[in-house]
Amino acid sequence: MAQLPEAWRRATVPDLPPLQPTGTDVLDTFARTIYGRTPTGGHLTDLELLSEEPGVLRHRARISCPLGDLEFDTLLHRPSAAGPSPVIVALSFTGIDETVDSWPYEKVMDAGYAVLAVDYQQIEPDDPSALGVRALFPNGEPWGAVGAWAWGLSRCLDIAAGIQGLTTDGAIVLGHSRLGKAALWAGAQDERFAVTVSNDSGCCGASLFRHPGGEDIAAITTKFPHWFVPSFASYAGSEDELPVDQHQLLASIAPRRVYVASAEDDDWADPIGEYLAVLAATPAFEDGGIGYHVRPGGHALLEEDWLQAVEFSRRTSRGWPSPGRRSG
Ligand code: GCU
C-alpha cells in the first residue's frame, strides 16, 4: 500500500459487530435489513450480435424473468489474446457509448482483460416511481434498486459465459459510487466473481455506518428511497442499532478478492470510513487478499482507479487463468 494520508494513519476502527458472527447468515441479514432479497430466476434466452468491429462487439441480450422479458444492450471490448480473456463486468451511469471516451479500455485490454459494459438504467431505472426488472418478478419480499443492479451484474456474467474468446474464470465485478454499492452486493452473492472492486462506493458500499462522516442512513434513504428495502429507513439516526456493518460485507466475499478504492477529497463517501472497513475486514482474507488505495482528488472513476484494481487482480488471482498480455 502506498503511503496513506496523515488522517488515514491516525484513524481508528470504531466498535463494530463481530467480523464473522457465529450462528447467523450475514448475507441474509444484509438482505433483510438493507438491500432486499434477490429473487432466483432470470435466464439469458437470446444474445443477438448487433455489430462487430475489431475487438469491439455490441449485443442485445434478452433475459427471461417470471413475468416477462428484460432486454438490454451490452458493449464488449475484447483483447485479441491467444487464450480466452477474463472479463470485467461493469454498469455505466450515462450509457454504454459514453464509456468509450471515459473508460481506459485500451490499457485494460493491454493488461489482458475484456470489459463488458451495460447502462445501469436498462436493468432498473434510477427513479423511485419506475420499475425495471423488479416488475418482472412476482411480488415477494421487497428488493431495492441496488439489489436489482447487482442482479444485472450477475446476468452480465451469464452473457460473458456465452461469448467466444472470454472466460468467466477470474471474473471481476467493478462499480463506482452507487454502482460500487451494487458491485459489492453482487460480489457478495455471486461466487463466480473472483474479484470485487468498489470505487468511491461510500454509504451502503464500502464505508462503515459506525464511522461518522459523509452520507448517513437518514440522508441516503430520504434522497434514494428506492435503492433499499423500505424498512432500512427506520435505522436513520440509529446507526449503532443496525445488526450489520460494511466490514462484514467485505469479509463475506473472502477468500475471493476485494479491492476498495477511495478518493481523498470525496468527503460524502467517507473515504476514511472505507479504509477502516478494509482494515476491519482484513483478518477474513489471506495475506494480500484485500487491497486498498486512496488517491488525491474527488469523486470519480479515473484511469488510475481502473489500472490499480486491474493490477491488484492480476497479482492476486493465482489459481485463476492468468490474463495474457494482448497480442498484436
Ligand atoms: C449520491 C449518493 C451516494 C452515491 C452517489 C453516486 O451522492 O448520495 O450514495 O454513491 O450519489 O452514485 O454518485
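Refer to the preceding data block for the structure.
First, a word on scope: everything that follows refers to the structure included in this document.

So, how was this worked out
- Residues numbered from 1 in each chain as written.
- Predicted model: local features only at pLDDT ≥ 70, side-chain atom pairs only at ≥ 80, totals over all residues.
- Heavy atoms only, no water.
- Helix = DSSP H or I, 4+ residues; strand = E, 2+ residues; numbered from the N terminus.
- Rg over C-alpha atoms; globule rule 2.2 N^0.38 Å.
- Buried < 20%, exposed > 50% of the residue type's maximum accessible area, 1.4 Å probe, protein only.
- Contact = heavy atoms within 4.5 Å.
- Areas by Shrake-Rupley, 256 points an atom, 1.4 Å probe, with all protein chains shown as cover.
- Lys, Arg positive; Asp, Glu negative; His and termini not counted.
- Charge placed at Lys NZ, Arg CZ, Asp CG, Glu CD.
- Pairing = 2+ DSSP bridges.
- Axes fitted to C-alpha atoms, helices over the stretch in contact; angles between N-to-C directions.
- Parallel < 35°, antiparallel > 145°, perpendicular 65-115°, else oblique.
- Left-handed = near helix turned anticlockwise from the far one by under 90°.
- Polar contact = N/O pair within 3.5 Å; in protein donor to acceptor, adjacent residues only side chain to side chain.
- Near = heavy atom within 4 Å.
- Nonpolar A, V, L, I, M, F, W, Y, C, P; charged D, E, K, R; others polar.
- Disulfide = S-S within 2.5 Å.
- Expected span 1.5 Å × (residues − 1).
- Core = buried A, V, L, I, M, F, W, Y, C linked by side-chain atoms within 4.5 Å.
- Salt bridge = Lys/Arg side-chain N within 4 Å of Asp/Glu carboxyl O.

## With respect to the overall build of the protein
Regarding its fold elements, the protein presents 11 helices and nine strands. For the protein, the C-alpha radius of gyration of 19 Å lies close to 20 Å, the compact-globule estimate for 328 residues. When each of the 328 residues of the protein is scored for burial, the buried share is 57%. In the protein, of all internal contacts separated by at least 6 residues, the share reaching a separation of at least 24 is 72%. Carbon and sulfur atoms provide 49% of the accessible area of the protein, an area that totals close to 13300 Å². If the 24 positive side-chain charges of the protein are averaged to one point and the 44 negative ones to another, these points end up 4 Å apart.

## A look at the sheet that holds strand S8 (residues 257–263)
Strand order in the open sheet formed by nine strands is S1-S2-S3-S5-S4-S6-S7-S8-S9, and the pairing between neighbours is mixed. Taken across any chain shown, the strands that pair with only one partner, and hence form the sheet edges, are strand S1 (43–53) and strand S9 (290–295). Within this sheet the neighbouring strands show an average axis-to-axis angle of 20 degrees, counted without direction. Across five bridges, strand S4 (residues 85–92) lies against strand S6 (residues 166–176) in parallel orientation. When the bridges of S6 are listed, Ala-90 appears paired with Leu-174. Here helix H6 (residues 145–161) sits on the sheet and contacts S1, strand S2 (56–65), strand S3 (68–77), S4, strand S5 (114–119), S6 and strand S7 (193–199); the angle it forms with S4, its principal contact strand, is near 145 degrees.

## Some points on the packing of helix H2 (residues 26–35) against helix H7 (residues 178–189)
One can describe the packing of H2 onto H7 by two numbers: an axis separation of 11 Å at closest approach and a directional angle of 150 degrees. Considered as vectors, H2 and H7 are oriented roughly antiparallel to each other. Considering how the two elements wind past one another, H2 and H7 form a crossing that is left-handed. Across the interface between the two elements, Leu-27, Phe-30, Ala-31 and Tyr-35 from H2 touch Trp-185, Ala-188 and Gln-189 from H7.

## Section: H2
Burial runs high along H2: seven of the 10 residues are buried. Residues Val-26, Thr-29, Phe-30, Ala-31, Thr-33, Ile-34 and Tyr-35 constitute the buried set of H2. Those residues of H2 hidden inside the fold are in contact with H6, H7 and helix H9 (246–252). For H2, the N-terminal capping position is held by Asp-25, with its side-chain oxygen 3.1 Å away from the main-chain nitrogen of Leu-27. Phi turns positive one or two residues past the end of H2, at Gly-36, with a value near 90 degrees.

## Quick notes on the site of the ligand
Around the ligand, the surrounding shell consists of Phe-93, Ser-177, Arg-178, Lys-181, Glu-215, Ile-220, Phe-224, Trp-227, Trp-268 and His-299. A distance of 3.4 Å separates an oxygen atom of the ligand from a polar side-chain atom of His-299. Taking 320 Å² as the accessible area of the ligand by itself, protein coverage stands at 83%. Across the shell around the ligand, the residue classes break down as five nonpolar, two polar and three charged.

## Digging into the packing of H6 against H7
At a minimum axis separation of 8 Å, H6 and H7 run at an interaxial angle of 60 degrees. The orientation of H6 with respect to H7, classified from their angle, is oblique. With respect to the hand of their crossing, H6 and H7 are arranged in right-handed fashion. Each of Val-146, Gly-147, Trp-149, Ala-150 and Leu-153 in H6 lies in contact with H7, whose residues at this interface are Arg-178, Leu-179, Lys-181, Ala-182, Ala-183, Trp-185, Ala-186 and Gln-189. Among the residues making up the contact of H6 with H7, the classes are represented as nine nonpolar, two polar and two charged.

## What to know about the state of the cysteines
On inspection of all chains with the given rule, the structure shows zero disulfides. Left without a disulfide partner, Cys-204 is nearest to the cysteine sulfur of Cys-203, which lies 3.9 Å away.

## Observations concerning H7
In an α-helix, one full turn covers 3.6 residues, which means residues spaced three or four apart are oriented alike. Taking 1.5 Å of rise per residue, the 12 residues of H7 would be expected to cover 16 Å, and the 17 Å separating its terminal C-alpha atoms lies within 8% of that figure. Across the 12 residues of H7, 10 count as buried, placing the element largely inside the fold. Looking at H7, one finds that the buried residues are Leu-179, Gly-180, Lys-181, Ala-182, Ala-183, Leu-184, Trp-185, Ala-186, Gly-187 and Ala-188.

## Observations concerning the nonpolar core
Ranked by size, the top nonpolar core spans 83 residues in total, and within it Trp-149 and Phe-232 carry the most contacts. Considering each element in turn, this core owes the most residues, 11 residues, to H6. Other than its neighbours up to four places away in sequence, Trp-149 contacts Leu-91, Tyr-120, Ile-123, Glu-124, Asp-126, Arg-178, Leu-179, Ala-182 and Trp-227. If you look at the next biggest cluster of nonpolar residues, it comprises 24 residues, including Val-56, Trp-103, Val-195 and Val-197.

## Description of the pattern of salt bridges
Two side chains with opposite charge may pair up if their charged atoms get near one another. Applying the stated criterion across every chain, the model contains 21 salt bridges. Residue Glu-71 is joined to Arg-62 by a salt bridge in which the shortest nitrogen-to-oxygen separation is 2.8 Å. Exposure remark for Arg-62: the relative accessible area of 29% places this residue in the partly exposed category. Arg-134 is paired through a salt bridge with Glu-124; the nearest N and O atoms lie 2.9 Å apart. Here Glu-124 lies in the loop between helix H5 (120–123) and H6 and Arg-134 lies in the loop between H5 and H6, a separation of 10 residues in the sequence. Each member of the pair, Arg-134 together with Glu-124, is buried.

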